[in-house]
Number of protein chains: 2
Amino acid sequence: MAGKAEGLSSAASGDASLIVIPREELHAFVVRSLEKVGAKTSHARDLADLLVAADYRGHFSHGLNRLEFYMMDLVTKFVAVDAEPEIVKQTVATALVNGNNLYGPVVGKFSMDLAIKKAREAGIGWVTCKGSNHFGIAGYYSIRAMEQGLLGMAFTNTSPKLVPTRARTQTLGTGPISVSAPANNGDSMVLDMATTVVALGKVEVKNTLQEQIPLGWGVDTEGKPTTDPKIVLGDGGLMPLGGAEETSGYKGYGLGLMVEVFCGILSGATFGPFIRNWALHDGVADLVSYMRKGKN
Amino acid sequence: MAGKAEGLSSAASGDASLIVIPREELHAFVVRSLEKVGAKTSHARDLADLLVAADYRGHFSHGLNRLEFYMMDLVTKFVAVDAEPEIVKQTVATALVNGNNLYGPVVGKFSMDLAIKKAREAGIGWVTCKGSNHFGIAGYYSIRAMEQGLLGMAFTNTSPKLVPTRARTQTLGTGPISVSAPANNGDSMVLDMATTVVALGKVEVKNTLQEQIPLGWGVDTEGKPTTDPKIVLGDGGLMPLGGAEETSGYKGYGLGLMVEVFCGILSGATFGPFIRNWALHDGVADLVSYMRKGKN
């Protein structure tokens, strides 16, 4: 969380390296950064809302840490600027949205708000979309519905990094599932999880610390379990939730496939092994689908 | 698969202990058995459809193996006979069904057929129900939607047997998730999985064979991993999908909680640790909720 000169204050802990940045300053910094590379102000705000919310919830891997990736999306022109998401077709309770290759959070917010509107009218709204991009933490969208007293759900497909049970090839992504439900006295249930054993960021952290990863997180190019984070980050891959076959890793694989059916297949977008690697900036993503539902 | 004298034929394998029973004979036997203990013919048929389908799919633990349990439900009068499921309230796309304490498969079929009807009208149908009972394999219901060209989903809460991460008490059930989707050339994707590492039946099998279970399936009364099936079947319990905390068992716990929110919480039925143990026949269940959705 660096790069900002005004609005800083020393942390109360006395740790000179720890600084606290007011939330609104962080938000304004992100908006200005994105505008610099050509983003519309409204789109920059949608993305800033998401990144700041991710940091605020403690998902530092998905917050400002990713700002450069999103900026590169515009610099390389792999993400569109001068467009808005549009409804391709709809029923009273469902819709297919074309994200027109805009930023994921722009398409995500549009689609979730459409789903919320439908849920108010029909009891449930399910919106799936194509032509989107990396949409950040899935929990951001399910929480958006929850904040309106609804039960929210969000899913997205992602770049391939999962090696299915009995396989040796990266076939699906980390396929997150998020479900948020309001509870009594301001409490809530927020589930926001990858369908792989761990998110890739956890392996990256172990690699940086030069530590081994626990057995059950990843496999090598032969599909065999490995404790070497470098191999998992390279041509190996992540194991599905459940780990090895003996401990039902195929269930995590099935959940990942479910997410892919909800997202890439249902929307007619790109799916599974055909999705490009975001970090490489070597193509258009064409991602994302999600839904939410209301109470009976 | 015993108890039937007519319609048997020797298996081609030459194994004298292996017999093949025509599907329709098996079905008729189940219907007659249930009628004997007082079931309405239509309800007996719904239950027979489910049990035979479970055996036919190879889920022998959930097929005729369970007939005695279902019969006991009527003998002990914990399940109602002279009623039908009813719609408590509904929107164009959602409904709350009261199962009136009928057999789970009677309530399940009614609710899934209602969801299918709503999906045809609104693009998606989500039905949740209370006052139900053990509904068998979840896949039976999602497949019912899939057979009509729809994307089907089914969930149910169950008797507590899961010990959450960092806990030592059985708090949730095996909370199955099922999603079925039609594919090209008659192919399909059918996911039908417990959100615990394994179903209880797998531990029972190991116990019968006097074998140890793999580390990662279950815990003892202190919440510590154990390889003794007797302890897991007793006051220990199953681990959530993902196993130990290090391999993200809390994700399986979160998925189990999601299922409980969809079922017990959303419908206003009994939930979590308050659900009675089916095998003991010591109370009314008040279970089950599920949904399905159509294509956009």
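Residues numbered from 1 in each chain as written. Chains lettered and ligands numbered in written order. Predicted model: local features only at pLDDT ≥ 70, side-chain atom pairs only at ≥ 80, totals over all residues. Heavy atoms only, no water.

K.L.:
Quick question: what am I supposed to make of the packing of helix α2 (residues 41-56) of chain A against helix α4 (residues 104-122) of chain A here?
P.N.:
The angle between the axes and the distance between the axes are what describe a pair of packed helices. Residues and elements named next belong to chain A. At a minimum axis distance of 8 Å, the contact between α2 and α4 shows a crossing angle of 85°. Classified by the angle between their axes, α2 and α4 sit roughly perpendicular to one another. In this structure, α2 contributes H43, D46, L47 and L50 to the contact, and α4 contributes P105, V106 and K109. Broken down by class, the residue content of the contact of α2 with α4 amounts to four nonpolar, one polar and two charged. (Axes fitted to C-alpha atoms, helices over the stretch in contact; angles between N-to-C directions. Helix = DSSP H or I, 4+ residues; strand = E, 2+ residues; numbered from the N terminus. Parallel < 35°, antiparallel > 145°, perpendicular 65-115°, else oblique. Contact = heavy atoms within 4.5 Å. Nonpolar A, V, L, I, M, F, W, Y, C, P; charged D, E, K, R; others polar.)

K.L.:
Explain unusual backbone geometry here, please?
P.N.:
Most peptide bonds take the trans configuration, and most residues that are not glycine carry a negative phi. The phi dihedral of N185 of chain A is positive, around 55°, even though this residue is not glycine. Structurally, the position occupied by N185 of chain A is in the loop between β7 (177-182) and β8 (188-193). Owing to a relative accessible area of 83%, N185 of chain A belongs among the exposed residues under this scheme. Positive phi outside glycine occurs at S248 of chain B, with the angle close to 70°. Assignment of secondary structure puts S248 of chain B in the loop between β11 (237-238) and α8 (249-267). (Buried < 20%, exposed > 50% of the residue type's maximum accessible area, 1.4 Å probe, protein only.)

K.L.:
Explain the packing of aromatic side chains to me, please; I cannot follow it from the model alone.
P.N.:
The description of two aromatic rings rests on the distance between their centres and on the angle between their planes. Taken as a whole and assessed by the stated rule, the structure comprises 12 aromatic pairs over all chains. Taking the centre distance of 4.9 Å and the plane angle of 70° together, the rings of F155 of chain A and F262 of chain A count as edge-to-face. On the criterion of sequence distance, the pair formed by F155 of chain A in strand β6 (residues 151-155) and F262 of chain A in helix α8 (residues 249-267) is long-range, its members being 107 residues apart. The two residues F155 of chain A and F262 of chain A agree in class, both being buried. Consider the rings of F271 of chain B and F274 of chain B, whose centres lie 5.3 Å apart with planes at 90°: the pair is edge-to-face. An aromatic cluster is defined as three or more aromatic residues linked by ring pairs; in this entry it consists of W126, F155 and F262 of chain A. (Phe/Tyr/Trp six-rings, centres within 6.5 Å; stacked < 30°, edge-to-face > 60°.)

K.L.:
Would you mind going over the nonpolar core with me for this structure?
P.N.:
Burial of nonpolar side chains together is a common tendency in soluble globular proteins. Counting residues in hydrophobic clusters, the biggest one holds 42 residues, and the most contacted among them are I177 and M258 of chain A together with I177 and M258 of chain B. Not counting residues up to four positions away in its chain, the partners in contact with M258 of chain B are I177, V179, M189 and L191 of chain A together with F155 and I177 of chain B. (Core = buried A, V, L, I, M, F, W, Y, C linked by side-chain atoms within 4.5 Å.)

K.L.:
Any chance you could explain the relation of the copies chain A and chain B here in plain terms?
P.N.:
Comparison of the two chain copies shows a relationship of rotation about an axis with a shift along it. The two copies are related by a screw operation: chain A maps onto chain B through 180° of rotation and 0.0 Å of translation along the axis, at an RMSD of 0.0 Å. Put plainly, the chains are arranged around a two-fold axis. If distances are taken from each C-alpha of chain A to the rotation axis, the shortest is found for G242 of chain A, at 2.0 Å. (Least-squares fit on C-alpha atoms with pLDDT ≥ 70 in both.)

K.L.:
So what exactly am I meant to see when it comes to the interface of chain A and chain B here?
P.N.:
One frequently used descriptor of interface size is the decrease in accessible area upon assembly of the parts. The interface is formed by 47 residues belonging to chain A together with 47 residues belonging to chain B. For the pair chain A and chain B, the two sides together bury roughly 3600 Å², of which 73% comes from carbon and sulfur. Summed over the shared surface of chain A and chain B, the result is zero salt bridges. In this structure, the connection of chain A to chain B is made through 14 residue pairs in polar contact (both at pLDDT 80 or more). Of all the secondary structure elements, the ones that give two or more residues to the side of chain A that touches chain B are β4 (94-98), β5 (124-130), β6, β7, β8, α8 and β12 (289-293) of chain A. The element best represented in the side of chain A that touches chain B is α8 of chain A, accounting for 10 residues. (Buried area = accessible area lost by both parts, 1.4 Å probe. Salt bridge = Lys/Arg side-chain N within 4 Å of Asp/Glu carboxyl O. Polar contact = N/O pair within 3.5 Å; in protein donor to acceptor, adjacent residues only side chain to side chain.)

K.L.:
How do you make sense of the sheet that holds strand β9 (residues 218-219) of chain A when you look at a structure like this?
P.N.:
Strands in a sheet are paired, the pairing made by backbone hydrogen bonds, and the direction either parallel or antiparallel. All names here are of chain A. A sheet is described by the order of its strands in space; here three strands give the open sequence β10-β9-β11, paired in antiparallel fashion. In this open sheet, the two strands that pair with only one neighbour each are β10 (225-226) and β11 (237-238). Pairing of β9 with β10 involves two bridges; the strand directions are antiparallel. Pairing of G218 across the sheet is with T226, part of β10. (Pairing = 2+ DSSP bridges.)

K.L.:
Can you help me understand the packing of α4 of chain A against helix α5 (residues 139-146) of chain A in this one?
P.N.:
Residues and elements named next belong to chain A. It is at 10 Å that the axes of α4 and α5 come closest, and there the two elements cross at 30°. It follows that α4 is roughly parallel to α5 by the angle criterion. For the crossing formed where α4 meets α5, the hand is right-handed. Taken together, the residues of α5 that come into contact with α4 (itself represented by G104, P105, G108, K109, M112, D113 and I116) are Y141, S142, R144 and A145. Tallied by class, the residues present in the contact of α4 with α5 amount to five nonpolar, three polar and three charged. (Left-handed = near helix turned anticlockwise from the far one by under 90°.)

K.L.:
Just checking my understanding: could you explain α5 of chain A for this structure?
P.N.:
Residues three or four positions apart in an α-helix share a direction because the helix packs 3.6 residues into each turn. Across the eight residues that make up α5 of chain A, a large majority, seven, are buried. Of the residues making up α5 of chain A, those classed as buried are G139, Y140, Y141, S142, I143, A145 and M146 of chain A.

K.L.:
Just checking my understanding: could you explain the pattern of salt bridges for this structure?
P.N.:
As a working rule, side chains carrying opposite charge can pair if their charged atoms are close by. All names here are of chain A. Evaluated as defined, the whole model comprises 14 salt bridges over all chains. We note a salt bridge from R168 to E222, for which the minimum N-O separation is 3.2 Å. Remark: E222 occurs in the loop between β9 and β10 and R168 occurs in the loop between β6 and β7; sequence separation between them is 54 residues. Overall, the relative accessible area of 45% leaves E222 in the partly exposed class.

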